[in-house]
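Fold and geometry: a report
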Amino acid sequence: MKILVTGGLGFIGSHTVVELQNEGFEVVIIDDLSNSSENVLDGITAITGKKPVFEKLDLREKAKVQDFFKRHSDLDGVIHFAASKAVGESVEKPLLYYENNLGTLVYILQELSKKERASFIFSSSCTVYGQADKLPITEDAPVKKAESPYGNTKQIGEEIISDTCKVTPSLQAISLRYFNPMGAHPTVKIGELPIGVPQNLVPFITQTGVGIREKLSVFGDDYPTDDGTCVRDYIHVVDLAKAHVEALKRLMAGDNEKNYEVFNVGTGKGSSVLEVIESFERVSGKKLNYQIVDRRPGDVVSAYADTAKANTILGWKSQSTLDEAMKSAWEWEQKSRTN
Ligand code: WQD
């Protein structure tokens, strides 16, 4: 079975390529290298012993996408990670986000719709829920008005897929709503490579731990949570990657009752910012330098997944604890600084 992984040299994409290869899938990667580097290919190959085919390609160029699908007419499915993902940047550059996250999705779905049968997995996000009324969050929680163009592209992306599946029975699709991915592969050969100042909590913590950042700013400790800091569902990136393989196997086997389904992918456990800091201090043996500052606009108070649907229907469950995920993130950070 031959699978295209778009954004396959990125953080979640590269870990998913490893798990696909481990399961015997043949993988082709498209990446525009805007938020990744080609030497991630070496890391993947070092782990699995199999070098995936890689094509540098900007998916916004429709003709190039059409040409790619013509040359790879034997593709069985696509896992679509390629997208811009910085919430703050999306507010400043909405059109870049709508073009890159949605235009490319349309081009890929147009090509898949021409095939006799195709499997498609979409990288969605718990962002679609906004601040959910009920916790843990189930898949039928209402999708709230997005707080950013980035979040909007995930909501609209899901609608585009749903509408397409309604009139394209040959297209079998699943959207995976990620909670907060973190960590790195246990071999320490691939991991997160944030460009510039990390927006996300965990890479900022590990960069502070190695001394690249002077201190972590904790965005508010006056929220209505146990310790006043925001709660999120931090999932090990390898567990997240494995959820993609289980979802793909479901589609390939034709086990899905409907040709479009949505699954939450998280641990089902909420952790506060302070608890994540404590996890870092436990696994690193270092004290983290941080200060409490004002809240960050757009942050939701608490978000963690009800994972029953993925557990029962996909037969998937996250395996790693917060400390195991944090340990992998810390080992990766330290290794990345020695190279
Ligand atoms: C987590 C918590 C911050 C940085 C976003 C996107 C989501 C997905 C993951 C792409 C929050 C706090 C953070 C810092 C802090 N992105 N924090 N100091 O915002 O939950 O989710 O990233 O797929 O779609 O919305 O993740 O890591 O930015 O923040 O206190 O320097 O850490 O306030 O409570 P978030 P995050």
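To start, this report covers the structure provided alongside it. (Residues numbered from 1 in each chain as written. Predicted model: local features only at pLDDT ≥ 70, side-chain atom pairs only at ≥ 80, totals over all residues. Heavy atoms only, no water.)

With that settled, consider the overall build of the chain. Each helix and strand counted, the chain has 11 helices and 13 strands in total. Expected size for 339 residues packed as a compact globule is a radius of gyration near 20 Å; at 19 Å, the chain falls within 12% of this value. Here the C-alpha coordinates of the chain stretch approximately 55 × 45 × 40 Å along the principal axes. Within the chain, the proportion of its 339 residues that are buried is 55%. Within the chain, residue pairs in contact and separated by at least 24 positions form 80% of the contacts whose partners lie at least 6 positions apart. Distance between charge centres in the chain, computed from 39 positive and 47 negative side chains, equals 2 Å. (Helix = DSSP H or I, 4+ residues; strand = E, 2+ residues; numbered from the N terminus. Rg over C-alpha atoms; globule rule 2.2 N^0.38 Å. Buried < 20%, exposed > 50% of the residue type's maximum accessible area, 1.4 Å probe, protein only. Contact = heavy atoms within 4.5 Å. Lys, Arg positive; Asp, Glu negative; His and termini not counted. Charge placed at Lys NZ, Arg CZ, Asp CG, Glu CD.)

Around the ligand sit 18 residues, and of these T127, L201, S217, R232 and D299 come closest. Note that an oxygen atom of the ligand is positioned 2.9 Å from one of the side-chain N or O atoms of N200. At a separation of 2.6 Å, an oxygen atom of the ligand approaches a polar side-chain atom of D299. Burial of the ligand by the surrounding chains reaches 90%, relative to a free accessible area of 690 Å². Per-element tally for the shell around the ligand: the top contributor is strand 8 (residues 216–219), with four residues. Broken down by class, the residue content of the shell around the ligand amounts to nine nonpolar, six polar and three charged. (Near = heavy atom within 4 Å. Polar contact = N/O pair within 3.5 Å; in protein donor to acceptor, adjacent residues only side chain to side chain. Areas by Shrake-Rupley, 256 points an atom, 1.4 Å probe, with all protein chains shown as cover. Nonpolar A, V, L, I, M, F, W, Y, C, P; charged D, E, K, R; others polar.)

Time to look at the side chain of K2. When you line up the elements, K2 lands in strand 1 (residues 2–6). Reaching out from K2, the side chain makes a polar contact with the side chain of H72 at a distance of 3.1 Å. Separated by 2.9 Å, the side chains of K2 and D74 make a polar contact. Apart from the residues lying within four places of it in its own chain, the contact partners of K2 are E26, V28, H72, D74, L75, D76 and G77.

This part is about the environment of V283. Note that V283 resides in helix 9 (residues 273–284). In the structure, V283 is positioned 43 residues away from M326 in sequence and 7.1 Å away in space, judged by C-alpha atoms.

Another aspect to go through is the packing of helix 3 (residues 62–71) against helix 5 (residues 94–112). Between helix 3 and helix 5, the least distance of the axes is 10 Å, while the angle of their chain directions is 30°. Considering the relative orientation of helix 3 and helix 5, their crossing is right-handed. In this structure, helix 3 uses K62, V65, Q66 and F69 to contact helix 5, whose residues at the interface are Y107, I108, Q110, E111 and L112. Along the lines of polarity and charge, the residues of the contact of helix 3 with helix 5 split into five nonpolar, two polar and two charged. (Axes fitted to C-alpha atoms, helices over the stretch in contact; angles between N-to-C directions. Left-handed = near helix turned anticlockwise from the far one by under 90°.)

Taken as a whole and assessed by the stated rule, the structure comprises 21 salt bridges. Notably, a salt bridge pairs D58 with R60, separated by 2.8 Å at the nearest N-O pair. Owing to a relative accessible area of 32%, R60 belongs among the partly exposed residues under this scheme. Linking D323 and R282 is a salt bridge whose minimum nitrogen-to-oxygen distance equals 2.8 Å. Taken as a pair, D323 in helix 11 (residues 322–338) and R282 in helix 9 lie far apart in primary sequence, 41 residues in all. Look at D323 and you get partly exposed, because its relative accessible area is 24%. It is possible to trace a salt-bridge network through shared partners that takes in E23, E246 and K249. (Salt bridge = Lys/Arg side-chain N within 4 Å of Asp/Glu carboxyl O.)

Moving on: the packing of aromatic side chains. Tallied over the full model, the rule gives three aromatic pairs. Ring plane angle 85° and centroid distance 5.0 Å describe the contact between F280 and W330, whose orientation is recorded as edge-to-face. With F280 in helix 9 and W330 in helix 11, the pair connects residues that are 50 residues apart, well separated along the chain. There is no split in this pair, since F280 and W330 are both buried. (Phe/Tyr/Trp six-rings, centres within 6.5 Å; stacked < 30°, edge-to-face > 60°.)

Here the focus is the nonpolar core. Within the largest apolar cluster, 36 residues are counted, with the highest numbers of intra-cluster contacts made by L20, I29, I44 and L176. Contributing elements (two or more residues each) for this core: strand 1, helix 1 (11–22), strand 2 (26–31), helix 2 (40–48), strand 6 (171–178), helix 8 (237–253), strand 11 (260–265) and helix 10 (308–314). With eight residues, the top contributor of residues to this core is helix 8. Leave out the neighbours within four places in its chain, and I29 touches L4, V5, G8, L9, V17, L41, I44, P52, V53, F54 and E55. Membership of the second largest hydrophobic core comes to 24 residues, among which are V78, I161, L171 and V262. (Core = buried A, V, L, I, M, F, W, Y, C linked by side-chain atoms within 4.5 Å.)

Its place among the elements puts D299 in the loop between strand 13 (290–293) and helix 10. For the pair D299 and Q131, spaced 168 residues apart in sequence, the C-alpha separation works out to 8.6 Å. In terms of polar contacts, D299 uses its side chain to reach the side chain of R296, at 3.0 Å.

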